[in-house]
Structure formats: C-alpha cells, structure tokens
Amino acid sequence: MQLGQVTHVIFDMDGLLLDTEGMYTVVQQKLASKFGKEFTWALKSKMMGLKAIEAARVLVSELDLEGQITPEQFLSDREEALDEMFPDAQLLPGAERLLRHLAACEVPFALATSSHLRHFNLKTTLHGDLFSLFDHRVTGDQISNGKPAPDIFLHAASLWQPPPAPSSCLVFEDAPSGVAAAKAAGMRCVMVPDSRLDRALCDGADQLLTSLESFDPEQWGLPPFPDAQPQQRPEA
Ligand SMILES: O=P(O)(O)OC[C@@H](O)CO
Ligand SMILES: [Mg+2]
C-alpha cells in the first residue's frame, strides 16, 4: 500500500535509533524514589523527546517536587549517572540497515534530536561512522523551541539546498512530542514507539510500526531494500 511520496528523511535519535530511553528511565526512577515517588510510564511519556530542561520541569511539576528540588538541580543530579551510561548506547533493531540503505541510494537524510551536543557525542561513542552518514545533525541546543514545536524539523529541512517542501519530508519518531512536532511542521511521520507506551498516545502519526525493521521504503516512494520482494499487485 502506497502511503506517500517523500524525497527527504529526518530521524529522531533517542528511543528511535539508539536504545537510550531505558537509561533515562533507570536514572530518573532512582531519583524519584529518593523523594518517595514513583516514576511511571505515564510520566515518562510526557517527558520523552523534550529538551532536557523542559523534561525536568515536567517531572518536578508532575511529581509535586516544587520546593524540594529545582529542574536545574534535577538535571545536575542525574548527569553523572547518565554520563557513565551513554557511551555504551546501542543501536535499535533496523536502524543501521535503514541508514546505510538510504546512504547507498543517495536519499538525503538528517538527524533532529532534542539531545544537546555533549550528550549526542557521548551517546554516539560507538557509532561515529554511522552517524557521520547524516547530511546534517541538529541537536536540541541549536534551537530555542523544542518538540512539540515544529522548529527542530523545519530547521533540519532548511539546511538542505534547495530546502524540500515539508510535505516531502518523512520524520521517524518514537515520542508523542516528536510526532506532534513533525505534524506541526507539515511533514509526514512514521512512529516507532516503545511497546509500553499507551496506544492512545500513538494515533497522530501517518504510520505506526513496532520496529524500524518492518519499515518498507517503497510505501513512501523511496528505493526498495535490495533484498525486498517485488510488491504484490492486487488480484484482478
Ligand atoms: O529527540 P530525541 O532524540 O528523542 O531526544 C530526547 C531525549 O533527550 C530524551 O527523551
Ligand atoms: Mg526520541
């Protein structure tokens, strides 16, 4: 089934290409429990994809921690543990195959992550070669309004010459805030959420996949994987 015709692709990073969301969860669970609070998936869903300070504000407010810790202190308290974990970040299934395929077919693709540059560098420690394939990499510190604002995706698209129309861009995202940002930018969006994310938060995207491994580029007018079976014609 044809879903669209795109020419440019923009990837989110955390939870989409790299298995780093679990690292945030472990560290935040620990910090929340110090205050006798529980770090739930409902709270995580509201924080995922946001710039660090925005996510910290959500946590402090949702856990009623005002007066006990500031968002800035929360970020500083979690930093050492994250810095230790990020350099071990692994790729999620299907990420490398898709990125290398797009590169081989000369499909333009860029990165748009809410992570700031220092975290981006730590998280990609083991994957420098793969992440050098992107035409450009936009990190959260380069834009003022984070997801769910459309700015990061619009900025990523504006760096191509000539810039593609938003409707020709396909965004891959794992977070509800990221899907909202892509749609606000007027782009098409494939969501690949964690299986624990509430399905009610997954209905904004144009396509919902359980893994990048099940992405079929042909459905979006992109070159097929070399080992793809020819698309079946509907029976007459
Ligand atoms: O935009 P991404 O790459 O998901 O980064 C968000 C992450 O820093 C926290 O969820
Ligand atoms: Mg993400």
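Residues numbered from 1 in each chain as written. Chains lettered and ligands numbered in written order. Predicted model: local features only at pLDDT ≥ 70, side-chain atom pairs only at ≥ 80, totals over all residues. Heavy atoms only, no water.

Caption draft 1: Representation of the coordination of the magnesium ion (ligand 2) in the model. Taken together, the protein donors to the magnesium ion (ligand 2) comprise Asp12 (OD), Asp14 (O) and Asp174 (OD), at separations of 2.1 to 2.2 Å. Each donor residue of the magnesium ion (ligand 2) belongs to the same chain, with the gaps between them written as D-x1-D-x159-D. (Donors = N, O, S within 2.8 Å, 3.2 Å for Na, K, Ca; no water.)

Caption draft 2: Here's a closer look at the site of ligand 1. Around ligand 1, the surrounding shell consists of Asp12, Met13, Asp14, Glu21, Tyr24, Met48, Gly49, Thr113, Ser114, Ser115, Lys123 and Lys147. Within the backbone of Met13, an N or O atom sits 3.1 Å from an oxygen atom of ligand 1. Within the side chain of Tyr24, an N or O atom sits 3.2 Å from an oxygen atom of ligand 1. Out of a free accessible area of 310 Å², ligand 1 has 94% covered by protein chains. Among the residues forming the shell around ligand 1, the class breakdown is 3 nonpolar, 4 polar and 5 charged. Shared between two domains, the shell around ligand 1 takes at least three residues from each, and those domains are domain 1 (8–19 + 89–220) and domain 2 (21–87). (Near = heavy atom within 4 Å. Polar contact = N/O pair within 3.5 Å; in protein donor to acceptor, adjacent residues only side chain to side chain. Areas by Shrake-Rupley, 256 points an atom, 1.4 Å probe, with all protein chains shown as cover. Nonpolar A, V, L, I, M, F, W, Y, C, P; charged D, E, K, R; others polar. Domains from an automatic or database assignment.)

Caption draft 3: Representation of the side chain of Lys147 within the structure. Structurally, the position occupied by Lys147 is in the loop between β3 (137–139) and α8 (151–158). A relative accessible area of 2% places Lys147 in the buried class. At a separation of 2.8 Å, a polar atom in the side chain of Lys147 contacts the side chain of Glu173. Once residues within four sequence positions are removed from consideration, Lys147 is found in contact with Asp12, Gly49, Leu50, Ala112, Thr113, Ser114, Ile152, Phe153, Glu173, Ser177, Gly178 and Ala181. (Helix = DSSP H or I, 4+ residues; strand = E, 2+ residues; numbered from the N terminus. Buried < 20%, exposed > 50% of the residue type's maximum accessible area, 1.4 Å probe, protein only. Contact = heavy atoms within 4.5 Å.)

Caption draft 4: Highlighting the packing of helix α3 (residues 52–62) against helix α4 (residues 71–85). α4 packs onto α3 with a crossing angle of 110 degrees between their chain directions and a minimal axis gap of 8 Å. When the interaxial angle is binned, α3 and α4 end up roughly perpendicular. Contacts from Ala52, Ile53, Ala56, Arg57, Leu59 and Val60 in α3 reach Pro71, Glu72, Phe74, Leu75 and Arg78 in α4. Tallied by class, residues from the contact of α3 with α4 come to 8 nonpolar, no polar and 3 charged. (Axes fitted to C-alpha atoms, helices over the stretch in contact; angles between N-to-C directions. Parallel < 35°, antiparallel > 145°, perpendicular 65-115°, else oblique.)

Caption draft 5: Highlighting the pairing of strand β1 (residues 8–11). Burial along β1 is two-sided: the face carrying His8 and Ile10 and the face carrying Val9 and Phe11 are both buried. Strand direction decides the pairing type here: β1 and strand β4 (residues 169–173), joined by 4 bridges, are parallel. Paired with Ile10 across the bridge in β4 is Val171. Alignment of β1 against strand β2 (residues 109–113), held across 3 bridges, turns out to be parallel. In the sheet register, Val9 faces β2, and the bridge partner there is Phe109. (Pairing = 2+ DSSP bridges.)

Caption draft 6: Broad picture of the domain arrangement of the chain. The domain boundaries assigned to the chain delineate domain 1 (8–19 + 89–220) and domain 2 (21–87). Centre-to-centre, using C-alpha coordinates, domain 1 lies 23 Å away from domain 2. In this assembly, 27 residues from domain 1 lie in contact with 15 residues from domain 2. For the pair domain 1 and domain 2, the summed buried surface comes to about 1,700 Å²; carbon and sulfur atoms form 57% of the total. Broken down residue by residue, the surface that domain 1 buries against domain 2 is led by Ser114, His119 and Leu122, which jointly contribute 22%. Arg118 is the salt-bridge partner of Glu79, the closest N and O atoms lying 2.4 Å from each other. At the surface where domain 1 touches domain 2, the tally comes to 9 residue pairs in polar contact (both at pLDDT 80 or more). Every element with two or more residues in the side of domain 1 that touches domain 2 is listed here: α6 (117–123) and α9 (176–184). Among the elements that make up the side of domain 1 that touches domain 2, the one with the highest residue count is α6 (4 residues). Of the residues assigned to the side of domain 1 that touches domain 2, the class counts are 9 nonpolar, 10 polar and 8 charged. (Buried area = accessible area lost by both parts, 1.4 Å probe. Salt bridge = Lys/Arg side-chain N within 4 Å of Asp/Glu carboxyl O.)

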